[in-house]
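# Chains, contacts and geometry: an overview
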Amino acid sequence: QRSEAEVVMISVSSYACQRRTSLINHNAVLTDALSLLPHNAELNEDEGRGLAFRRAAAVLKFLPEPVTTTTPLRGLPCLGEHSLRVIEDILQDGASREVESTKRSERFKALKVLNGIFGVGVKTADRWIRAGIRYLQPLQGSGETLSRAQRAGLRYYDDLNQPVSRAEADAVGEIVEKAAVSVLPGARMTLIGGFRRGKLTGHDVDFLLTHPEEGREEGLMPKVVSRLESEGFLLYQKTTRNSYLESEDGPARSSSSMDRFQKCFSIFKLSRGEEGGAEQTGNGESLTPSGQEAWRAVRVDLVVSPVSQSAFALLGWTGSKLFEREMRRWARREKAMSLSSHALYDTRQRRYLRASSEEEIFALLGLEFIPPSERNA
Ligand code: DGT
Ligand code: MG
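Residues numbered from 1 in each chain as written. Chains lettered and ligands numbered in written order. Predicted model: local features only at pLDDT ≥ 70, side-chain atom pairs only at ≥ 80, totals over all residues. Heavy atoms only, no water.

### What about the pattern of salt bridges?
Evaluated as defined, the whole model comprises 19 salt bridges. Residue Glu374 is joined to Arg20 by a salt bridge in which the shortest nitrogen-to-oxygen separation is 2.5 Å. Placement of the pair is Glu374 in the segment after α18 (358–364) and Arg20 in the loop between α1 (4–11) and α2 (28–34), with a sequence separation of 354 residues. Assessed through its relative accessible area of 34%, Arg20 is described here as partly exposed. Between Arg107 and Asp126 there is a salt bridge, with the nearest N and O atoms lying 3.0 Å from each other. Here Asp126 lies in helix α8 (residues 122–130) and Arg107 lies in helix α7 (residues 106–115), a separation of 19 residues in the sequence. Classification of Arg107 as partly exposed rests on a relative accessible area of 29%. Through salt bridges that share partners, Arg20, Glu368 and Glu374 make up one connected network. (Salt bridge = Lys/Arg side-chain N within 4 Å of Asp/Glu carboxyl O. Helix = DSSP H or I, 4+ residues; strand = E, 2+ residues; numbered from the N terminus. Buried < 20%, exposed > 50% of the residue type's maximum accessible area, 1.4 Å probe, protein only.)

If you want it as structure tokens, here you go:
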């Protein structure tokens, strides 16, 4: 009979993209604790250490049973001494001193509040904290210049920190799809992000738009956005051109294909209750019978991709973030390839490899196909 340690060691790859990670997490207490620590590390400009904690948490998420002792964990990939110490403390004492003191620290509490504002990243939050701003009220009176995104983030703070349900995601999907098809017949919409992985709630809703005929998707984003705007669905939107040329991942492509790939970060005005409220217009001041406001704000991200890149966009925007990161690491380190949400480039052959489905991309990378529901690393 094999020991528990052996069984586990045989099956755990150090690459999250080689592991099937469902939404069932048998070690949530441990992974919740470990996932607090990256924030601390990253705040101290130690991204490498932050990533190490994320990788450690991802290995625990993958395990088929609750961990009861650290012995079988020794020898598993990605679990360094620091992570093991935190796990050991929790298993032995019910809590980790490091995690608890992090949670209690003023700095961490402030970071959570400020980082919870749409448009505020870790760096900005850190700058504000050092300037003595810790909560929302002081921020509003501080004289800090806020971006348009941050002002919207503050205005809708409570709504945006309320998880989005699957029903709300579907309601937004109906609205977006209707708008897309009305401005471009034949347009296709796919739910991406966490909801595609089967999550029941999300911090936002993500959609990919494309058209089966290459080039027809050009100019689609501004048209969809103005349609949604004229229907009163957008509380905020910022449309950006694809920033692929500046991105970390992969060699630059021609500017013609760059111009076609657009993103829109938005805040939707979604009617409550009867979520499929496609009839909804701008007059959202009324209250529901229970006294709630008749609508709520929901973060929505839209991406438009030419069909030739849509498999890469689909893969790149389905997540999880760690899964994506690990796929790029695998491509680079094991295959000398460069993977992005646009393309796969083979640096030895010096050419782009085409793919029209996620399955093909996994195959080109020499990876077993992992369906979205098992990419929850
Ligand atoms: P959540 O927090 O419930 O919304 O969970 P997710 O997994 O939907 O996370 P989200 O919405 O931040 O990101 C979904 C995926 O899309 C993730 O794998 C990373 C990717 N993604 C998000 N923002 C960008 C971006 O600005 N550029 C690119 N290339 N990818 C992005
Ligand atoms: Mg999302």
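### Some thoughts on the site of ligand 1
The local shell around ligand 1 holds 17 residues, among which Gly194, Arg197, Lys199, His203 and Asp204 are the closest. With respect to ligand 1, the side chain of Lys199 contributes an N or O atom lying 2.8 Å from an oxygen atom. Measuring from an oxygen atom of ligand 1, one finds a side-chain N or O atom of Asp204 at 2.7 Å. Out of a free accessible area of 610 Å², ligand 1 has 76% covered by protein chains. Mapped onto the shell around ligand 1, the elements with two or more residues apiece are α13 (193–196), β6 (262–271), α16 (310–318) and α17 (321–335). Looking at the shell around ligand 1 residue by residue, the class counts come to two nonpolar, eight polar and seven charged. (Near = heavy atom within 4 Å. Polar contact = N/O pair within 3.5 Å; in protein donor to acceptor, adjacent residues only side chain to side chain. Areas by Shrake-Rupley, 256 points an atom, 1.4 Å probe, with all protein chains shown as cover. Nonpolar A, V, L, I, M, F, W, Y, C, P; charged D, E, K, R; others polar.)

### Notes on the packing of α7 against α8
Two quantities define a packed helix pair, namely the angle between the helix axes and the distance between the axes. Contact geometry of α7 with α8 gives a least axis separation of 9 Å together with a crossing angle of 125 degrees. When the axis of α7 is compared with that of α8, the two are oblique. Remark: the crossing between α7 and α8 carries right-handed chirality. Of the residues in α8, those in contact with Arg107, Ala110, Leu111, Leu114 and Asn115 of α7 are Val122, Ala125, Asp126, Trp128 and Ile129. (Axes fitted to C-alpha atoms, helices over the stretch in contact; angles between N-to-C directions. Parallel < 35°, antiparallel > 145°, perpendicular 65-115°, else oblique. Left-handed = near helix turned anticlockwise from the far one by under 90°. Contact = heavy atoms within 4.5 Å.)

### Here's the deal with the state of the cysteines
The tally for this structure, following the rule as stated, stands at zero disulfides. Between Cys17, a free cysteine, and Cys78, which holds the nearest cysteine sulfur, the sulfur-to-sulfur gap is 11 Å. (Disulfide = S-S within 2.5 Å.)

### A word on the coordination of the magnesium ion (ligand 2)
The protein atoms that coordinate the magnesium ion (ligand 2) are Asp204 (OD) and Asp206 (OD), at distances spanning 2.0 to 2.2 Å. For Asp204, a relative accessible area of 7% puts it in the buried group. Overall, the relative accessible area of 8% leaves Asp206 in the buried class. (Donors = N, O, S within 2.8 Å, 3.2 Å for Na, K, Ca; no water.)

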